[in-house]
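Structural description and commentary
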Amino acid sequence: QGPMDQLLKRGGAGRVLVRLMRPPSDLRTLMSLPGVHHVESVDGQRLRIDVDPDDASRAAFVRALVASDLGVLEVTPESTTLEQVFRDVVTEEARA
């Protein structure tokens with residue numbers, strides 16, 4: 001429960017990988033789903049989505065995603081490495 005836990009939470013505790021049969025042509029449409037903060041394409045069918053990390057928010061997101069009729073094939077929590085957290089922190093500080 002120390003600084004390492006805080007860094008890992010900061011580095012994407014709510015990040016999920018989603019695989020869809022019919023990804024939307026405009027990823028911004030997914031930003032309207034509950035709890036979504038960021039969407040990026042990994043490849044043709046997979047997306048990396050930052051969602052509120054609590055269980056209720058994730059459940060609401062998955063329900064809305066299924067209802068969107070995009071053909072949900074997979075929703076997997078993405079684990080974050082310390083290297084990824086460091087890269088994210090450095091990138092954020094460079095933007096500031």
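Located above this text is the structure these notes cover.
What comes next is a walk through the structure.

Criteria and cut-off values
Residues numbered from 1 in each chain as written. Predicted model: local features only at pLDDT ≥ 70, side-chain atom pairs only at ≥ 80, totals over all residues. Heavy atoms only, no water. Helix = DSSP H or I, 4+ residues; strand = E, 2+ residues; numbered from the N terminus. Expected span 1.5 Å × (residues − 1). Buried < 20%, exposed > 50% of the residue type's maximum accessible area, 1.4 Å probe, protein only. Arc of directions from axis to C-beta. Contact = heavy atoms within 4.5 Å. Pairing = 2+ DSSP bridges. Axes fitted to C-alpha atoms, helices over the stretch in contact; angles between N-to-C directions. Salt bridge = Lys/Arg side-chain N within 4 Å of Asp/Glu carboxyl O. Core = buried A, V, L, I, M, F, W, Y, C linked by side-chain atoms within 4.5 Å. Polar contact = N/O pair within 3.5 Å; in protein donor to acceptor, adjacent residues only side chain to side chain.

1. What to know about helix 2 (residues 55-67)
One turn of the α-helix equals 3.6 residues, which is why residues spaced by three or four share an orientation. The end-to-end C-alpha separation of helix 2 is 18 Å, in line with the 18 Å expected for 13 residues at 1.5 Å each. When helix 2 is considered as a whole, its buried residues turn out to be Ser-57, Phe-61, Ala-64 and Leu-65. All buried residues of helix 2 lie within an arc of 100° about the axis, which places them on one face of the element. Those residues of helix 2 that are exposed and aimed more than 90 degrees away from the buried face are Asp-55, Ala-56, Arg-63, Val-66 and Ala-67. Looking at the packing, one finds that the buried side of helix 2 touches strand 1 (15-20), strand 2 (36-41), strand 3 (46-51) and strand 4 (72-77). Phi turns positive one or two residues past the end of helix 2, at Asp-69, with a value near 60°.

2. Things to note about the sheet that holds strand 1
Strands sit in the order 2-3-1-4 across an open sheet of four strands; the sheet is antiparallel. Since the sheet does not close on itself, it has two edges, and those belong to strand 2 and strand 4, each with one partner. Direction aside, neighbouring strands of the sheet carry axes that sit 25° apart on average. Across five bridges, the pairing between strand 1 and strand 3 is antiparallel. Of the residues in strand 3, the one forming a bridge with Val-16 is Ile-49. The sheet contacts of helix 2 involve strand 1, strand 2, strand 3 and strand 4, and relative to strand 1 the element is tilted by about 15°.

3. Thoughts on the pattern of salt bridges
The final tally for this structure, using the stated rule, is eight salt bridges. The residue Arg-48 makes a salt bridge to Glu-78 at a minimum N-O spacing of 3.0 Å. Pair noted here: Arg-48 is in strand 3 and Glu-78 is in the loop between strand 4 and helix 3 (82-95), with a separation of 30 residues, a long-range link. Linked by salt bridges that have partners in common, Arg-15, Glu-40, Arg-48, Asp-50 and Glu-78 make up one network.

4. A word on the nonpolar core
Membership of the largest hydrophobic core comes to 14 residues, with the highest contact counts inside it found for Val-18, Leu-30, Leu-33, Val-36, Ile-49, Phe-61 and Leu-65. Elements supplying a minimum of two residues to this core: strand 1, strand 2, strand 3 and helix 2. Not counting the four nearest positions on each side in its chain, Leu-30 is found in contact with Pro-24, Val-36, Val-39, Leu-47, Ile-49, Leu-65 and Leu-70.

5. So, the side chain of Glu-78
Judged by its relative accessible area of 14%, Glu-78 is buried. A distance of 3.0 Å separates a polar atom in the side chain of Glu-78 from a polar atom in the side chain of Arg-48.

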